[in-house]
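# Fold and contact review
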2 protein chains.
Amino acid sequence: MPDRRSQILDAAAALIAEHGFTSTSVDDVIKGAKLSGKSHFYHYFKSKDELGYEVLNRQFERFSERGLAVLREPMIDPLERLNLFIDSVVALQAESGGRRGSPFGNLAAELADAHEGFRVRIEAVFERWASQIRSLLWEARPQLQDDVDAVRLSRFIIAALEGAVLMTRVKRDMAMLEGIAFDLKRFIAMHGRDALVVPVVRTSE
Amino acid sequence: MPDRRSQILDAAAALIAEHGFTSTSVDDVIKGAKLSGKSHFYHYFKSKDELGYEVLNRQFERFSERGLAVLREPMIDPLERLNLFIDSVVALQAESGGRRGSPFGNLAAELADAHEGFRVRIEAVFERWASQIRSLLWEARPQLQDDVDAVRLSRFIIAALEGAVLMTRVKRDMAMLEGIAFDLKRFIAMHGRDALVVPVVRTSE
DNA sequence: TGCTTTTAGGACCATACGGTCCTAATTTAG
DNA sequence: CTAAATTAGGACCGTATGGTCCTAAAAGCA
């Protein structure tokens with residue numbers, strides 16, 4: 001695995017995070033990675049799509065190491081870890097001044113309809129993400145109410161975070177994300193055993 | 001306001017909902033609206049962007065009439081209206097088998113970073129949407145706990161729905177959206193006066 | 001030394017796109 | 001009837017894009 005590959009992947013990741021996949025041309029990547037030309041690029045990747053796939057994989061690995069890692073910290077209370085994780089998502093978004101977000105949500109929204117290859121890969125990413133949250137919820141079982149649906153709750157957490165990141169990108173205002181993160185933490189806390197009353201849902205059916 | 005304009009806008013809206021704005025070419029719109037050629041199109045719209053802006057406006061007006069309308073029904077209990085609204089979003093997504101979603105979220109994700117003109121218009125759309133939910137929450141004040149933050153809650157609702165729609169598009173599974181909608185309703189219900197205990201938030205700060 | 005991989009750089013291509021321009025037929029309104 | 005608006009249709013243009021092909025200089029390795 002040559003070093004140049006990483007260089008290309010890094011440059012591509014930065015460009016894609018900034019402008020999206022479609023708006024990032026191969027020539028842009030070549031400039032960003034300071035390659036000599038097209039042939040140089042195609043010496044390492046057989047197509048732009050392949051590049052995109054590898055960038056996506058890489059993003060998830062980084063996210064798993066840096067963001068998701070806290071979910072597995074054995075010395076911290078599980079529900080506390082979940083709060084820390086939510087904070088880390090907020091912090092990540094803050095780094096770009098609210099402009100970027102989870103790279104998965106961006107790609108998902110951009111390509112889910114148009115590009116099946118990406119869609120399935122992004123689906124897998126979300127599944128792996130959800131699975132880690134499910135593990136944590138399983139671990140936190142003793143502190144949670146008996147009827148907590150880990151699958152449903154894990155999906156809700158991810159959806160709320162992705163939606164929050166999207167809204168924040170549109171509004172360019174970190175307060176948006178912070179407020180939603182706050183509410184999300186409250187919602188999770190309400191699944192604890194110490195939350196005595198879970199109000200009845202008013203369904204319209 | 002000629003009839004042909006509407007025809008073009010309808011065709012464009014359908015195509016954009018299906019493939020996104022960038023992936024919808026002017027020629028596609030021309031075919032979809034059965035125009036004779038480019039000049040015919042540019043007789044009605046001065047650019048593709050202008051077309052996009054008008055489609056966005058139209059989508060919001062429709063959404064306001066069809067989706068948001070229930071929020072203003074004076075004969076129904078406010079919080080019940082909110083649940084009905086959430087159901088309507090689920091139903092809307094179900095119509096396309098989970099493939100499409102709120103057209104705003106799609107456009108937002110696709111263009112918020114790349115196209116400032118769209119970004120500000122989408123921001124306005126979300127603001128108007130949030131404002132309608134805030135009004136409803138204000139109306140529901142007597143039934144809500146005193147410390148409910150209407151601004152924060154309205155944003156949370158929209159973010160959760162947009163995130164849910166996004167995840168559903170990726171997963172192509174309506175169960176995703178239904179589960180999140182269920183949890184969202186529960187979260188709203190927990191702001192009611194009848195919800196006796198609001199658990200303490202575990203913040204990590 | 002030789003052979004392979006990497007770097008360099010340019011020419012080229014088919015396709016697609018947004019947009020302009022021009023001419024002429026057809027329809028609509030006053 | 002006449003002028004204006006609409007419909008029709010095609011030629012064009014500049015630009016960008018993903019991708020291929022080819023040649024040749026360096027670098028790394030046996």
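See the structure printed just above.
Residues numbered from 1 in each chain as written. Chains lettered and ligands numbered in written order. Predicted model: local features only at pLDDT ≥ 70, side-chain atom pairs only at ≥ 80, totals over all residues. Heavy atoms only, no water.

Looking now at the pattern of salt bridges. All names here are of chain B. The tally for this structure, following the rule as stated, stands at 30 salt bridges over all chains. A salt bridge links D27 to K38, with the nearest nitrogen and oxygen atoms 4.0 Å apart. Placement of D27 in helix 2 (residues 26-32) and of K38 in helix 3 (residues 38-44) is noted, with a sequence separation of eleven residues between them. In this structure D27 comes out as partly exposed when scored by relative accessible area, which is 38%. (Salt bridge = Lys/Arg side-chain N within 4 Å of Asp/Glu carboxyl O. Helix = DSSP H or I, 4+ residues; strand = E, 2+ residues; numbered from the N terminus. Buried < 20%, exposed > 50% of the residue type's maximum accessible area, 1.4 Å probe, protein only.)

What follows is about the protein's contact with DNA strand C. Neighbouring DNA strand C are 14 residues; A:S39, A:Y44, B:V26, B:K38 and B:K48 lie closest to it. Restricting the count to atoms of DNA strand C within 4 Å of the protein gives a sugar and phosphate share of 56%. At 3.0 Å, a side-chain N or O of B:Y42 approaches a phosphate oxygen of DNA strand C. Put simply, the parts of the chain that give the surface near DNA strand C at least two residues each are helix 3 (38-42) of chain A together with helix 3 of chain B. The greatest single-element share of the surface near DNA strand C, amounting to three residues, is contributed by helix 3 of chain B. Classifying every residue of the surface near DNA strand C by side-chain character gives three nonpolar, eight polar and three charged. (Near = heavy atom within 4 Å. Polar contact = N/O pair within 3.5 Å; in protein donor to acceptor, adjacent residues only side chain to side chain. Nonpolar A, V, L, I, M, F, W, Y, C, P; charged D, E, K, R; others polar.)

Okay, the relation of the copies chain A and chain B next. If you rotate chain A by 180 degrees and push it 0.0 Å along the axis, it lands on chain B with an RMSD of 0.0 Å. Viewed as a symmetry operation, the transformation between the two copies matches a two-fold axis. Using C-alpha coordinates, one finds that chain A approaches the rotation axis most closely at A:G163, a distance of 1.9 Å. (Least-squares fit on C-alpha atoms with pLDDT ≥ 70 in both.)

With that settled, the discussion passes to the protein's contact with DNA strand D. What surrounds DNA strand D is a group of 14 residues, the closest being A:V26, A:K38, A:K48, B:S39 and B:Y44. Near-protein atoms of DNA strand D (within 4 Å) split between backbone and bases, with sugar and phosphate holding 56%. A distance of 2.8 Å separates a base oxygen of DNA strand D from a polar side-chain atom of A:K38. A distance of 3.4 Å separates a phosphate oxygen of DNA strand D from a polar atom in the side chain of B:H43. Elements represented by at least two residues in the surface near DNA strand D include exactly helix 3 of chain A together with helix 3 of chain B. In terms of residue count, helix 3 of chain B provides more of the surface near DNA strand D than any other element does, four residues in total. The residue makeup of the surface near DNA strand D, split by class, is three nonpolar, eight polar and three charged.

Interpretation note: all reported values are geometric properties and have no functional meaning in isolation.
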